[in-house]
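Chain and residue survey
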Amino acid sequence: MKKLLLSLPVFLVSLFATATPDEGMWIPILIEKYNIKLMQEKGFKLSAEDIYSVNKACMKDAVVIFGGGCTGELISPDGLLITNHHCGYGTIQRLSSIENDYLANGFWAMSREEEIPAPGLSVTILKWMEDVTDRMMKGITGGMDAQERQKILDANSEDIRRKALEGTGYTARISPFYMGNQYFMLVYETFSDVRFVGAPPSSIGKFGGETDNWVWPRHTGDFSLWRVYAGTENKPARYASTNVPYKPLYHFPISLKGVQEGDFTMVFGYPGSTSQYVPSFHIDMVKNHINPKMIAIRTKKIEIMEAAMNTDPLIRLQYSAKKSGVANAWKKWIGENQGLDRMRTIEKKQAYEKRLTDWINSDPARKTRYGHLLPEYEKLYSQLKDYSLVNSFTSDAFFSSGAEAVGFARNMMSFANLFESEADEARIEAVKGELIAAAARFFKNYNYETDKELFVAVMELYGGQLEEKWQAPGYLKIKNAWKGDFQALADKIYPVSVFTDEARFTAFVNGFGKRSLKALKKDPIYNLASSTSEFISENVRGELIRIQSEIQKLNPLYMTLQMEFDSNRLFYPDANSTLRVAYGEVKGYYSKDAVYFRHYSTLKGIIEKDNPEIFDYDVPDKLKELYRTKNYGRYTQNGEVPVCFIATNHTTGGNSGSPVINAEGHLIGVNFDRAWEGVASDMAFNPEQSRNISLDIRYALFIIDKFAGAGYLLDEMTLVE
């Protein structure tokens, strides 16, 4: 293993001539050694140190983790930040009310004083990263079992981070690369005072809704604006009215020049997870065992939510973020399965593994070292597929925008245990307060009738999609008692349960006593929550973790094997939510026979899609007026307002909101999606059709200036004509 790590840099450099140039998510600290020459050959005009440096201000200082799962970028010296509308969607929804519906109507602060604090939202900036492989692998031996190996890795990680962070106020994480053959520590600074500056209405920011999601051409103005605030000495601080805008080390200049086909593009962000080097058994598990059942339950949940949202503006506000969260992965899984089919990914992997096996068996030493890998993977994945499905499906049914009252009832489990253990009164009262506060948040976005429909649907799907041995005892008891008539059950319990009404719940918690404990344990909704939670905890999660640990133990050696076997192949590390560089070019593609998509869309396409009868295609009157009068300002190309463009950059979830940068290092777009035909790129990159979709930054400026009348915000940006 150590030999592999030492030889890896030379190996990578030697392969540049044969590498596919637009595939890969590259480690910024290694750009100077491995990527910069090819990037410059493709048109990039800056240096590796302009991208990543610890000695001077650079692009990495302007790229942030926005919230928990998106990327954003700083675009002014006063902490102004742009990311996707869908990245800020949940926060915007929480800040909204029927009187001030910022999702439906948009919001624009016309001064710093009007910017809205966003409690719970954070922005995290990378300070530096370093290779800590040798220190992480200290004490690790080849014959060690998975549990002991992980214990040593955890101890080493804690020691490394503690020493690095002492006295800094920073945080750090250590992440594995190349399936655990290499480890990097990433050190961060996190700002918790983030304020909402502006966003277009959903009719722009989410134009096309789920119908257009994952599809090209797109016409979605998917952006929102925020500002990072700091305390004294420009350091992170809790919200305070005396805080001032953060002064970043670097912010992106914004280009008004636009894009042409063939232009260099770079995406700099935090891609979440890919699985490029897994065996065929993994892809078969995802495609044929997990995705179909997960698609089935989410299809039903989406149908119920959409029907309810179409009946009432309040329900639309309450369920907009929930439905988007459910639908995003749902549609991706559908496209992913189609893409894997189209590319015959499993068959190709199996053919590759056949060649790999023949190569292993041709040498006794290789057979001794690697011969067990694929058979062991096959055995483990045959076990993993059921545990993984049950864990995911149960969560979707009861705890992740499924039967919402059941998910909420799970909050009572720890309180009931606390009460039974006769904890001190102060602790019990504190937890009561936490529960009542949680109820206020929950019921703000809860609709009784919608949840009742969800309950009936997921109860039927849970029993129909999972084998009985994977169903929680509490569910089976209820199912048998009601003979599978879940509608009758819902009609009986929803009007009286404390988990379907805030006033009942608050009164129940405030008056909680020994009799309450008995009543709680008779509540079918609570019993479902406790039984399914306990079943997953006792019968699924432990074995799931064990199998995953055994697979992770095999992964480093399997990665080594692939590198030795494919001596003419350039390997990049899978995404793991760490900062990465992807580069490519603006480029159209053939969707299917005789159907070619050009590389950009325009405002004209928005007007063509206008349909006031369909919520997701109801174009705002003001935008139509701007189009009719051609009041475009300086945000045009060939007489039209550009909206989105596509390029060949390799992206995935987490890259939402990432800056798209041109050859001069200027911001030209904000990444937000992938084209349907190439959405399987998490497991199989297709250079002919894998395209990332980005908002043209000129459309964002056009909306800010001409539509919103907030052109003052452009005054603090660095615009490049």
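The following refers to the structure shown. (Residues numbered from 1 in each chain as written. Predicted model: local features only at pLDDT ≥ 70, side-chain atom pairs only at ≥ 80, totals over all residues. Heavy atoms only, no water.)

A look at the packing of helix α11 (residues 280-309) against helix α12 (residues 313-342)
Two packed helices can be described by the angle between their axes and the distance between those axes. Short version of the rule: Here an angle of 0 to 180 degrees is reported between the N-to-C directions of two axes, which are lines fitted to C-alpha atoms, with helices fitted over the stretch in contact. Secondary structure elements follow DSSP: runs of H or I no shorter than four residues count as helices, runs of E no shorter than two count as strands, and numbering proceeds from the N terminus. What sets the label is the angle itself: under 35 degrees gives roughly parallel, over 145 gives roughly antiparallel, 65 to 115 gives roughly perpendicular, and the rest give oblique. Crossings are classed by handedness, with left-handed meaning an anticlockwise turn of the near helix from the far one by less than a right angle and right-handed meaning a clockwise turn. Each residue is assigned to one class: nonpolar for Ala, Val, Leu, Ile, Met, Phe, Trp, Tyr, Cys and Pro, charged for Asp, Glu, Lys and Arg, and polar for all the others, Gly among them.
Packing of α11 against α12 leaves a shortest axis separation of 8 Å and a crossing angle of 150°. By the criterion of interaxial angle, the relationship of α11 to α12 is roughly antiparallel. The handedness of the crossing between α11 and α12 is left-handed. Residues that form the contact of α11 with α12 fall into these classes: 18 nonpolar, five polar and nine charged.

Regarding helix α19 (residues 448-465)
Because each turn of an α-helix spans 3.6 residues, side chains separated by three or four positions end up pointing in the same direction. What counts is decided by this rule: Each residue after the first adds 1.5 Å to the expected span of a helix. Summary of the burial criterion: residues with accessible area below 20% of their type's maximum are buried, those above 50% are exposed, and those between are partly exposed, where the area comes from a 1.4 Å probe applied to protein chains only. Pairs of N or O atoms within 3.5 Å make up the polar contacts considered here, provided that, within protein, one atom can donate a hydrogen while the other can accept it, and that residues adjacent in sequence are counted only when both atoms are side-chain atoms.
With 18 residues, α19 extends 25 Å from end C-alpha to end C-alpha; this agrees with the ideal 26 Å at 1.5 Å per step. Those residues of α19 that sit buried are Thr-450, Asp-451, Lys-452, Leu-454, Phe-455, Val-456, Ala-457, Val-458, Met-459, Leu-461, Tyr-462 and Gly-463. Two or three places before Glu-449, at the start of α19, stands the capping residue Asn-447, its side-chain oxygen 3.3 Å from that residue's backbone nitrogen.

Let's talk about helix α15 (residues 373-398)
Rules: In this analysis the local bend is the angle between axes fitted, respectively, to the seven residues ending at and the seven residues starting at the residue.
With 26 residues, α15 should cover 38 Å at 1.5 Å per step; its first-to-last C-alpha distance of 37 Å lies within 8% of that length. At Leu-384, α15 shows its maximal bend, which comes to roughly 30°.

Thoughts on the packing of aromatic side chains
Under the convention used in this document: Pairing of aromatic rings covers Phe, Tyr and Trp, the last through its six-membered ring, and needs centres within 6.5 Å; plane angles under 30 degrees mean stacked, over 60 mean edge-to-face, and all others mean tilted. Placement of a positive charge over a ring is assigned whenever Lys NZ or Arg CZ falls within 6 Å of the ring centre and within 35 degrees of the normal to the ring plane.
The final tally for this structure, using the stated rule, is 42 aromatic pairs. Plain terms: the ring middles of Phe-508 and Phe-512 are 5.4 Å apart, the flat faces sit at 85° to each other, and that makes the pair edge-to-face. The exposure class assigned to Phe-512 is buried, which follows from its relative accessible area of 7%. Seen from the ring of Tyr-229, Arg-195 lies directly overhead, with NZ or CZ sitting 3.7 Å from the centre. The ring of Phe-399 has Arg-410 sitting right over it, with the charged end atom 3.8 Å from the ring centre.

Digging into unusual backbone geometry
The step from Trp-216 to Pro-217 runs through a cis peptide bond, and the omega angle for that step is 5°. Mapped onto the secondary structure, Pro-217 falls in the loop between α10 (209-212) and β10 (224-230). For Lys-483, which is not a glycine, the phi torsion comes out positive at approximately 50°. As for its placement among the helices and strands, Lys-483 is situated in the loop between α20 (473-481) and α21 (486-493). Not every positive phi belongs to a glycine, and Ala-594 is a case in point at roughly 70°. Looking at the element boundaries, Ala-594 is found in the loop between β15 (589-592) and β16 (595-597).

Re the state of the cysteines
By definition, a disulfide links two cysteine residues through a covalent bond between their sulfur atoms. For clarity, the threshold we go by: Count a disulfide wherever a pair of cysteine sulfur atoms falls within 2.5 Å.
In total, this model carries one disulfide according to the counting rule given. The disulfide partner of Cys-70 is Cys-87, and the gap between their sulfur atoms is 2.2 Å. Measuring handedness by torsion sign, the sulfur bridge of Cys-70 and Cys-87 sits at about -80° and is left-handed. Taken as a pair, Cys-70 in strand β2 (residues 70-74) and Cys-87 in the loop between β3 (80-83) and α5 (89-95) lie far apart in primary sequence, 17 residues in all. Each member of the pair, Cys-70 as well as Cys-87, is classed as buried. Sulfur of Cys-644: no disulfide; nearest cysteine sulfur belongs to Cys-87 and is 14 Å away.

Some words on the pattern of salt bridges
A side chain with one charge can pair with a side chain of the opposite charge if their charged atoms come near. Spelled out, the test is: Between Lys or Arg on one side and Asp or Glu on the other, a salt bridge is scored when a side-chain nitrogen of the former is within 4 Å of a carboxyl oxygen of the latter.
Tallying each qualifying case throughout the model produces 41 salt bridges. Salt-bridge contacts for Arg-218 lead to Asp-673; the nearest nitrogen and oxygen are separated by 2.4 Å. Placement of Arg-218 in the loop between α10 and β10 and of Asp-673 in strand β20 (residues 667-674) is noted, with a sequence separation of 455 residues between them. Residue Arg-218 is classed as buried on the basis of its relative accessible area of 4%. The residue Lys-452 makes a salt bridge to Asp-491 at a minimum N-O spacing of 2.7 Å. Linking Lys-452 in helix α19 with Asp-491 in helix α21, this pair joins segments that are 39 residues apart in sequence. The exposure class assigned to Lys-452 is buried, which follows from its relative accessible area of 12%. Connected through salt bridges with shared partners, the residues Asp-78, Arg-112, Glu-115, Arg-227, Lys-247 and Glu-716 form a single ionic network.

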